[in-house]
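Results of the structural survey
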Amino acid sequence: SFTLAIVGRPNVGKSTLFNRLVGKRLALVDDQPGVTRDLREGEARLGDLRFTVVDTAGLEEATDESLQGRMRKLTERAVGMADACLFMIDARAGVLAADEVFADILRKKSAHVILGANKSEGRAADAGFLEAYALGLGEPLRLSAEHGEGMAELHAVLAPLIEAAEARLDAEAAPEVDVDLSDEDDDEDMEAPVRMPTAARPLQVAVVGRPNAGKSTLINQILGEDRLLTGPEAGITRDSISLSMDWQGTPVRLFDTAGMRKRAKVQDKLEKLSVSDGLRAVKFAEVVVVLLDAQIPFEAQDLKIADLAEREGRAVVIAVNKWDLETDRQDKLIALKEEFARLLPQLRGAPLVTVSALTGRGLDRLHDAVISAYTVWNRRVPTARLNRWLAGMLEMHPPPAPGGRRIKLRYMTQVKTRPPAFVVMASVPEKLPESYRRYLVNGLREDFEMPGTPIRLTFRGQG
Ligand code: GDP
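A brief look at the structure comes next. Because the structure is a prediction, the values reported are computed rather than measured.

**As for the nonpolar core**
With 30 residues, the main nonpolar core has Leu 203, Leu 218, Leu 254, Val 289, Val 317, Leu 366 and Val 370 as its most contacted residues. Listed by contribution, the elements that provide at least two residues to this core are strand E7 (203–208), helix H6 (215–230), strand E9 (242–247), strand E10 (250–255), strand E11 (287–293), strand E12 (315–321) and helix H11 (363–377). At 8 residues, the largest contribution of residues to this core is made by H11. Beyond its immediate sequence surroundings of up to four residues, Val 317 is in contact with Val 287, Val 288, Val 289, Val 290, Pro 351, Val 353, Leu 366, Ala 369, Val 370 and Ala 373.

Printed below as a string of structure tokens:
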């Protein structure tokens, strides 16, 4: 199975995290002589994820002078057997020289490094958290192994890695006979079909919104629908952070912030969770449903979370709840759409649907909007078509010519999906005004039918 190695210097909290992930499901301790004795292995669970975790915890007690050398050997061993490494530092202590040693090993030896800034609960960790960026190992996760914080973020980072590893295994077991549609070299104008969610790869949806927007009611209504179709609790699996179900035929994993909060209340951690659960949910999700209360829509908090979802590059659907309470629906809808366009221009074209979580009305429309947002978010436009389009756009509205020399845009390609990201090669990219970028982004949105999805477009020079 997929193996994650937890590495880092002693006392950063590796064992605490190991224990949290493994619980009582500790595998037999490797009893072979030599360094292997110091590696612990266990079957980890994180939400719906199952994987093997390896920990170098045996060294925490070692104090002899050969520690450095042994630690290095052991880490290299753990890294060698792992698909990914979680490199932990102590955010309260900041980045120490010993941490750098590990960073070096990881940079050289590991395919995937996840940087975890542990002991991050509270302000005391802020400085260390920022220092962690300087390790050059990507964005650190804010973790508190002790308090169980950052687990959703860890889940969000691990899920695609595990998924990819499993897909690789599947591919090895059953070689593809079809033509490879994912071929990057697309001379033809054929667009690869979007891979739709499957039971093994459910669509990850988060419902976010202010308290009392109706998140719990909505989730229960969706579950209720499902239950009617499939019998009590059938097909529904619940874990600490998400619910898996079949939503009108679409395998969906729903990130349940409302449920999380309610469970957290029991554990008396209400405050900590409510601050960041919106953020966690957004990080977890492919599609974010921003649930508004029709009576008080587009409050500051709503705008903040919608903007966050856009900045994180998620597909966004705006759902206006409690529609059953509205009397003047026509006018209200027009007003809502105007407000939406004015207050969230960055989400231009994102679907806005009205629902009643209470009665279940509009939930089929919500389902369809989620699927369509997901599809658009996954689109890949063939390079040939993009460049024909770019030529037309340049002709219609040429780029500026600062100092009499027109900026040239030479070539364009889509480098990424989820969300769609494009790169345009330019003669002097730094001189292109933001307005020109917006012109191209809006054009892409309209001409290639990508409403609502965040679109990234960057200009690059070619030297
Ligand atoms: P959460 O905090 O976002 O999870 O909100 P809840 O689901 O707990 O709902 C808050 C309140 O709004 C409850 O009293 C619900 O009964 C009510 N509510 C939720 N959805 C609707 C709706 O569609 N129509 C009406 N009239 N009330 C709703």
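**Some thoughts on the sheet that holds strand E14 (residues 409–416)**
The strand order across the open sheet formed by 3 strands is E14-E15-E16, and the pairing between neighbours is mixed. Each end of this open sheet is capped by a strand with a single partner; those strands are E14 and strand E16 (456–460). Geometrically, the sheet is characterised by an average inter-axis angle of 20° between neighbouring strands, direction not taken into account. Of the strand pairs in this sheet, E14 and strand E15 (residues 421–426) are connected by 6 bridges, and their pairing is antiparallel. Note on E15: the bridge partner recorded for Lys 416 is Ala 421. Contacts from helix H12 (residues 383–396) reach E14 and E15, with the element oriented near 140° to E14.

**Quick look at the site of the ligand**
Around the ligand sit 16 residues, and of these Asn 212, Lys 215, Ser 216, Thr 217 and Asp 324 come closest. The separation between an oxygen atom of the ligand and a polar main-chain atom of Ala 213 is 3.4 Å. With respect to the ligand, the backbone of Ala 357 contributes an N or O atom lying 2.9 Å from an oxygen atom. Relative to its free-state accessible area of 580 Å², the ligand is covered by the protein chains to the extent of 76%.

Rules behind the numbers
- Note on numbering: residues in each chain are counted from 1, in written sequence order.
- Since the coordinates come from a predicted model, pLDDT governs what is reported: local features require at least 70, and pairs of side-chain atoms require 80 or more to be given and counted, while whole-chain, interface and lining totals use all residues.
- Computation of side-chain values covers all heavy atoms of the structure but excludes hydrogens and water.
- What makes a nonpolar core is a set of buried Ala, Val, Leu, Ile, Met, Phe, Trp, Tyr and Cys residues whose side-chain atoms join them at distances within 4.5 Å.
- Each residue is assigned to one of three classes by its accessible area relative to the maximum for its type, calculated with a 1.4 Å probe on protein chains only: buried under 20%, partly exposed between the two thresholds, exposed over 50%.
- Only DSSP runs of H or I with at least four residues qualify as helices, and only runs of E with at least two residues qualify as strands; both kinds are numbered from the N terminus onward.
- What makes two residues a contact is simply this: any of their non-hydrogen atoms within 4.5 Å.
- Two strands are counted as paired when DSSP detects at least two bridges linking them.
- Between N-to-C directions, angles span 0 to 180 degrees; the directions come from axes that are lines fitted to C-alpha atoms, helices contributing only their stretch in contact.
- Residue proximity to a molecule or strand is established when one non-hydrogen atom of the residue lies within 4 Å of it.
- Polar contact criterion, stated in full: a pair of N or O atoms within 3.5 Å, where within protein one must be able to donate a hydrogen and the other to accept it, and residues adjacent in sequence count only if both atoms are side-chain atoms.
- Note on areas: Shrake-Rupley with a 1.4 Å probe; residue coverage comes only from the protein chains shown.

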